[in-house]
Amino acid sequence: MTTAPTSTPAPVAAEYGDKVIAVETAGSEPIPLAERHGTPRGLLWTWASPNIEFATVYIGVISVLFFGLNFWQASAALLLGTALGAVTHGVLSLDGPRFGVPQMAVGRFSFGFKGNALPSGVNALVAGVGWFAVNSVSAAFALNTLTGLRPLPSLLLVVVAEIVIGFIGHNFVHAFERYALPVLAVVFLLAGVWTFREADLGAPGAGGGTGGFLLAFSAAWGYAAGWNPGAADYSRYLPPTATRWKVALYPALGLFVSVSVVSLIGAASATIVAPEGATPTAAFTGHLPSWLSNLVLLAIILGAISANALNVYSSAMSITSLGLNLPKWLGRSAIVVLCGLAGTAAAWASLADAGHAYEAFLLVIAYWVGPWLGVVLVERWLQSRAATDEELSARLTERVYTNWPGIASLFAGIIVSVPLFSNQEKYVGWVPEQWPSVGDVTCLVGFAVSAGLYAVLRRAARKASHDGV
């Protein structure tokens, strides 16, 4: 049976427990056994609610409108990409009850204590600025369409709610997602039924072919796997005795079902002619009756808040995982506010061209997550043969611990995959430039290169250490 450390190397809230209306003060330090609570089933709604939102709809929309696929081709790409991202999400969620620390702190095994600052910093930017901006913009457009309030004040109203939830912390985030789920599910399912009635599922694609399929696959995989760096953030309070298969199953299931259903609704909606000049949210709701359209707009706002509560919280967790000696006043809750302000600024800047900004962002996510995930998963496999959980838990706080093969493999995966295989509007790599039908396989290449190289380098470094070289 796996165990977690029984002592804490740094101060942590003594009586936080399962209190919902209490500001969490824990950072990246291990959660003590006395504070562990909850059941794996709670991870189902925690990972379902944040994905029942417009950003998920738009994955399906761009697969048809931008990548040139018909509905059925888009569906296959979306389901496959989402499934792969959901499986790894379930695997990484096991780190929570096992070590009691955020996901990016677990990365110290793979990259060393100081080397882990790079992926932790990147994830803080991606979650707290990138994703926060994407979701806030969709909610702002929904509020604008619903009330006529201008986009900027709509944006400011939304981000206040998002920051407040993240500020309060772990237990409140879980509770919010639990009560948001039935509302979001009912509204989006109603919209889905209406959308499929109006959609032209047999409409031909625009010649996307293999390249379009791989672009849609990468977008879906990037969206689902984009949550992977925060997987353990929401399972780390679970007791170490929690049933392992349930800890893995519930988050994977919540992620897969929500992303799959909502993105397929988006793909179907893209086959319906939208009003000319409509905002993305108005285009999605334009074919719905007014009463349902208004409910969907409200659900889009609620869904964006659900997603960004996690994004801004995980961004703060990533920053605490940097291992910096921050002043006492700059704790997790204060970092949430700072991340939220940075994300708000990015959202404001992207209001004018949200559609293209989101398309590019989805693919860029996969560019770094692929190599990172390759290293992390190989490290997990090697750990299972080399050390006990007690030894590994102690290593998490060793500031002198280094692991150069992890950083080297991460860089190698990015350096090889992005210049050669990237397929963006502003930059096309050598491979898709020569063979456009290849599409964008950057994430897959990055994953394979980093995973394969890390397996070789890690074993070589361990052998050299044993031989005394």
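On a predicted model such as this, the values are computed, not experimentally measured, just so you know.

Structural notes on the overall build of the protein chain
Per the secondary structure count, the protein chain includes 19 helices and 0 strands. In terms of overall size, the protein chain behaves like a compact globule, its C-alpha atoms giving a radius of gyration of 22 Å where 469 residues would be expected to give roughly 23 Å. Taken over the C-alpha atoms alone, the protein chain extends approximately 70 × 55 × 35 Å along its principal axes. The buried share of the protein chain, reckoned over its 469 residues, is 60%. In the protein chain, of all internal contacts separated by at least 6 residues, the share reaching a separation of at least 24 is 86%. Across the protein chain, the centroid of the 23 positively charged side chains sits 9 Å from that of the 24 negatively charged ones.

As for a nonpolar patch on the surface
A contiguous nonpolar surface patch, about 540 Å² in accessible area, is contributed by Leu189, Trp245, Leu249, Leu253, Val257 and Val261. For the nonpolar patch, the element with the highest residue contribution is helix α11 (residues 244-269), accounting for 5 residues. On the secondary structure map, Leu253 appears in helix α11. Among the residues examined, Leu253 registers a relative accessible area of 37% and is labelled partly exposed.

Digging into helix α13 (residues 290-320)
Spacing of three or four residues puts side chains on the same side of an α-helix, whose turn is 3.6 residues. Compared with an ideal rise of 1.5 Å per residue, which puts 31 residues at 45 Å, α13 spans 45 Å between its outermost C-alpha atoms and is within 8% of the ideal. The buried fraction of α13 amounts to 24 of the 31 residues, a majority that puts the element mostly inside the structure.

Focus on the nonpolar core
In this structure, Phe188, Trp221, Phe284, Val296, Ile300 and Trp372 are the most contacted members of the largest nonpolar core, which totals 95 residues. Tallying contributions element by element places α13 first for this core, with 13 residues. Among residues more than four places away in sequence, those in contact with Phe284 are Phe54, Val57, Phe188, Ile265, Ser269, Val296 and Ile300. One finds Phe132, Val137, Leu155 and Ala316 within the second-largest nonpolar core, a separate group that totals 16 residues.

Examining the side chain of Asn171
By the secondary structure assignment, Asn171 is in helix α9 (residues 170-198). Classification of Asn171 by relative accessible area gives buried; the value is 6%. Here Lys19 takes part through its backbone oxygen, which lies 2.7 Å from a polar atom of the side chain of Asn171. Once residues lying within four places of it in the same chain are set aside, the contact partners of Asn171 are Tyr16, Gly17, Asp18, Lys19, Val20 and His37.

Observations regarding the packing of helix α2 (residues 54-65) against α11
Axis separation between α2 and α11 bottoms out at 6 Å; the angle between their running directions is 45°. By the angle class used here, α2 and α11 are oblique. The crossing of α2 and α11 is right-handed. Taking contact as the criterion, the partners of Thr56, Val57, Ile59, Gly60, Val61 and Val64 in α2 are, on α11, Ser258, Val259, Val262, Ser263, Gly266, Ala267 and Ser269. Broken down by class, the residue content of the contact of α2 with α11 amounts to 7 nonpolar, 6 polar and no charged.

Let's talk about the packing of aromatic side chains
Enumeration over the complete set of coordinates arrives at 14 aromatic pairs. Measuring from ring centre to ring centre gives 5.7 Å for Tyr16 and Tyr237, while their planes differ by 55°; the resulting arrangement is tilted. Residue Tyr16 is located in the segment before α1 (42-48), and its partner Tyr237 is located in the loop between α10 (209-225) and α11; the two are separated by 221 residues in the primary sequence. Its relative accessible area of 3% is what places Tyr237 among the buried residues.

A short note on the pattern of salt bridges
Taken as a whole and assessed by the stated rule, the structure comprises 4 salt bridges. Across the pair Arg236 and Glu24 runs a salt bridge, and its minimum N-O distance is 2.8 Å. With Arg236 in the loop between α10 and α11 and Glu24 in the segment before α1, this pair connects stretches of sequence that are 212 residues apart. When its relative accessible area of 0% is taken as the criterion, Arg236 is described as buried. Across the pair Glu24 and Arg332 runs a salt bridge whose closest N-O atoms are separated by 3.6 Å. Separated by 308 residues along the polypeptide, Glu24 in the segment before α1 and Arg332 in helix α14 (residues 332-349) bring together distant segments of the chain. For the pair formed by Glu24 and Arg332, the shared burial category is buried. Bridged by salt links that share partners, the residues Glu24, Arg236 and Arg332 form one connected network.

Remarks on helix α7 (residues 117-147)
Taking 1.5 Å of rise per residue, the 31 residues of α7 would be expected to cover 45 Å, and the 43 Å separating its terminal C-alpha atoms lies within 8% of that figure. Approximately 30° is the largest bend angle found in α7, and it occurs at Phe132. Directly after α7, the chain includes Gly148, whose backbone phi takes a positive value near 85°.

Observations regarding the confidence of the model for the protein chain
Scored by pLDDT, the protein chain has a mean of 89; 92% of the residues are at 70 or more. Contacts from residues 1-13, a stretch scored under 50 in pLDDT, to residues over four places away or in other chains number 33 contacts.

Remarks on the environment of Leu392
Among the secondary structure elements, Leu392 is positioned in helix α16 (residues 389-395). The class for Leu392 is buried, based on a relative accessible area of 0%.

Some thoughts on the environment of Ser409
You can see Ser409 is positioned in helix α17 (residues 404-421). Once the C-alpha coordinates of Ser409 and Val449 are considered, the two residues, 40 residues apart in sequence, prove to be 7.6 Å apart. Contacts of Ser409, omitting those with residues within four sequence positions, involve Val375, Ser450, Leu453, Tyr454 and Leu457. Polar side-chain contacts of Ser409 include one of 2.7 Å to the backbone oxygen of Pro405.

Basis of the calculations
Residues numbered from 1 in each chain as written. Predicted model: local features only at pLDDT ≥ 70, side-chain atom pairs only at ≥ 80, totals over all residues. Heavy atoms only, no water. Helix = DSSP H or I, 4+ residues; strand = E, 2+ residues; numbered from the N terminus. Rg over C-alpha atoms; globule rule 2.2 N^0.38 Å. Buried < 20%, exposed > 50% of the residue type's maximum accessible area, 1.4 Å probe, protein only. Contact = heavy atoms within 4.5 Å. Lys, Arg positive; Asp, Glu negative; His and termini not counted. Charge placed at Lys NZ, Arg CZ, Asp CG, Glu CD. Patch = residues over 30% accessible without salt bridge, like charges linked within 9 Å, V, L, I, M, F, W, Y side chains within 5 Å. Areas by Shrake-Rupley, 256 points an atom, 1.4 Å probe, with all protein chains shown as cover. Salt bridge = Lys/Arg side-chain N within 4 Å of Asp/Glu carboxyl O. Expected span 1.5 Å × (residues − 1). Core = buried A, V, L, I, M, F, W, Y, C linked by side-chain atoms within 4.5 Å. Polar contact = N/O pair within 3.5 Å; in protein donor to acceptor, adjacent residues only side chain to side chain. Axes fitted to C-alpha atoms, helices over the stretch in contact; angles between N-to-C directions. Parallel < 35°, antiparallel > 145°, perpendicular 65-115°, else oblique. Left-handed = near helix turned anticlockwise from the far one by under 90°. Nonpolar A, V, L, I, M, F, W, Y, C, P; charged D, E, K, R; others polar. Phe/Tyr/Trp six-rings, centres within 6.5 Å; stacked < 30°, edge-to-face > 60°. Bend = angle between axes of the 7 residues up to and from the residue. pLDDT = per-residue confidence, 0-100.

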